[in-house]
Amino acid sequence: MNTGNNWLIRHARAVMTGLPGHAARHAGPDIRVIDGRIAALGSLQPLPGEQVIDARDCVVYPAWVNTHHHLFQSLLKGEPQGLNQNLTPWLAATPYRFRAAFDAHSFRLAARVGLVELLRSGCATVADHHYLYYPGMPYDSAEILFEEAQALGMRFVLCRGGATQTRQLEADLPQALRPETLDAFVADVERLASRYHDPAGDSFRRIVMAPTTTLHSTTPQQLRETARAARALGLRLHSHLSETVDYLDVAQAKFGTSPVRFCAEQEWLGPDVWFAHLVKLLPDEIALLGQTGTGIAHCPQSNARLGSGIADIAALEVAGVAVSIGVDGAASNEAADMLCETHAAWLLQRARKGQLAQPRYAGGQFEGGADAATIEDVVRWATAGGARVLGLDQVGTLAVGQAADLAVYKLDDPRYYGLHDPAIGPVACGGRAHLKALLIGGQRRVEDDQVCGVDLADLGRQAHATVIALQRRAGLRA
Ligand SMILES: [Zn+2]
């Protein structure tokens, strides 16, 4: 019987699995999907009622898991006032300036644009760090996010951000938004958990406790309370940390310690915690993150765009940190898709190590950084690594029994002509590969670059009109 999600993907030129070591590739060339799960990999013959995807000239990857985003920023790309600013003035210039300008319609449209962009890169799972909250908000943004993700068939992890105290840079803005009380913040997390949270390993709906920043958003005592409340509810913890040197300055000035040690004191480290960025770390902080099995959402493009630096992923992984990849919000990453992000991760890790090379006469020990990250490493971080930090152990890898979240890329662009190893094409060659099919839980959500149920031209027109409306509401246009 054909249930609509039984598939045979045939004749793939290469299969990446997201697994470590020799298991990173599977000879395939065929993958069978039954009832939304991977039933077999190998040399397979079609069964009656099965839908066949001809994957000749294609490579198959696990669908990406994006572990850090701010979807509302999808209508704030390239915003001129923040374009050439470092993190702190950029926050004031762009995300904080615009956040009061969003209404239910523009917020929903931003979420849709961001999710569609991710889908077309082959992404199935999104963790959105959503911090657009203030008392008396006129719309339920969590409901909108879950509705949009559900309409597109994506797995959605809502990291409920927010703050109980106001940063100076927010107070200075004309439309300063009020902070929430801790009780209201925690009560909303409890409401969301009871309404949406599914702890299953292939869940489509998760809630995470996620004050916007650990150093600024709450008092230390309150931060500890959020950790305890989350763990009592069986929820994970997420926040921003050590994105720039400013975190080191603030932790020293306010608390007389380092950012990671501060988090340790507030019970904010462990295998149920992951932080975005972790660019600027002291050696003992890397060790502490590793010992506790804390995770990272590495956001190389946003970190580069804001001039923050390049996280030392090799050192973090050796220390024991769970490595995943996130695109971060589109207000600091004009290519908020997972193919661009993994391409950047691959190159930047190598460039970072190469920057440290010294001549031998000055004590140097290596010529360059080409061994800092392989394509297989980057694929693993952005698939299985993401699933690990989110606790979604049934997604992120292509193996029998796993959920059938997989991307079939057709290498039919001249950029792939001449490629000796097709398996690396989607990440190594840059750009966006033709997405022949994206399955999520065995359901086809993208077919030949077309997102099922979405009129891209209409979405583009709506986005253009809504950008103008947002500029008006933010007082930047008459
Ligand atoms: Zn972020």
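Residues numbered from 1 in each chain as written. Predicted model: local features only at pLDDT ≥ 70, side-chain atom pairs only at ≥ 80, totals over all residues. Heavy atoms only, no water.

Asker: Give a description of the coordination of the zinc ion that names residues and reports values.
Answerer: Protein coordination of the zinc ion is provided by His68 (NE2), His70 (NE2), His240 (NE2) and Asp328 (OD), with donor distances spanning 2.1 to 2.4 Å. One can describe the donor arrangement at the zinc ion as irregular, given that its 4 donor atoms subtend angles of 88 to 176 degrees at the metal. (Donors = N, O, S within 2.8 Å, 3.2 Å for Na, K, Ca; no water. Tetrahedral: all angles 85-135°; square planar, octahedral: opposite > 155°, others 65-115°.)

Asker: Break down the sheet that holds strand β17 (residues 434-440) for me, with residues and values.
Answerer: The sheet built from 7 strands is open, its strands ordered β3-β2-β7-β16-β17-β18-β19 with mixed pairing. The strands lining the two open edges of the sheet, one partner per strand, are β3 (25-26) and β19 (450-451). (Pairing = 2+ DSSP bridges. Helix = DSSP H or I, 4+ residues; strand = E, 2+ residues; numbered from the N terminus.)

Asker: Tell me what's going on with the domain arrangement of the protein chain, and back it up with residues and numbers.
Answerer: When the domains of the protein chain are assigned, the result is domain 1 (7-62 + 401-447) and domain 2 (64-386). Across the boundary between the two partners, domain 1 contributes 28 residues, which contact 25 residues of domain 2. When domain 1 packs against domain 2, the two sides together hide about 2100 Å² of surface, and 65% of this comes from carbon and sulfur. Of all residues in domain 1, Val427, Arg432 and Ile440 give up the largest surface area on contact with domain 2, accounting jointly for 27% of the area buried on that side. At the junction of domain 1 and domain 2, the tally comes to 3 salt bridges. Where domain 1 packs against domain 2, one counts 9 residue pairs in polar contact (both at pLDDT 80 or more). (Domains from an automatic or database assignment. Contact = heavy atoms within 4.5 Å. Buried area = accessible area lost by both parts, 1.4 Å probe. Salt bridge = Lys/Arg side-chain N within 4 Å of Asp/Glu carboxyl O. Polar contact = N/O pair within 3.5 Å; in protein donor to acceptor, adjacent residues only side chain to side chain.)

Asker: Lay out the side chain of asparagine 333 in plain terms, naming residues and giving numbers.
Answerer: Among the structural elements, asparagine 333 can be located in the loop between β15 (322-325) and α13 (338-355). Within the structure, asparagine 333 has its side chain in polar contact with the side chain of glutamate 341 (distance 2.8 Å). Apart from residues no more than four positions distant in its own chain, asparagine 333 is found in contact with Gln301, Ser302, Arg305, Val327 and Glu341.

Asker: Describe unusual backbone geometry, and please don't skip the residues or the numbers.
Answerer: Omega for the peptide link from glycine 28 to proline 29 comes to 5 degrees, which places this bond in the cis form. A positive phi is found at aspartate 35, a non-glycine position, where the angle reads about 50 degrees. Under the relative-accessibility criterion, aspartate 35 is labelled exposed at 51%. Despite not being glycine, aspartate 448 shows a phi value in the positive range, around 50 degrees. On the secondary structure map, aspartate 448 appears in the loop between β18 (443-447) and β19. (Buried < 20%, exposed > 50% of the residue type's maximum accessible area, 1.4 Å probe, protein only.)

Asker: Let's hear about empty space enclosed by the protein: which residues, and what values?
Answerer: Unoccupied space between atoms shows up once a probe the size of one water molecule is rolled over them. This structure, assessed with the given rule, holds 3 cavities of 30 Å³ or more. Approximately 200 Å³ is the volume found for the largest cavity. Of all the elements in the fold, those that place two or more residues in the lining of the largest cavity are α1 (87-93) and α8 (245-255). The biggest single contributor to the lining of the largest cavity is α1, with 4 residues. Of the residues assigned to the lining of the largest cavity, the class counts are 7 nonpolar, 11 polar and 4 charged. (1 Å grid on protein atoms, 1.4 Å probe; cavity = no way out; pocket = protein on both sides within 12 Å on 5 of 7 lines; lining within 4 Å. Points joined across faces, edges and corners; volume = space filled by probe spheres on them. Nonpolar A, V, L, I, M, F, W, Y, C, P; charged D, E, K, R; others polar.)

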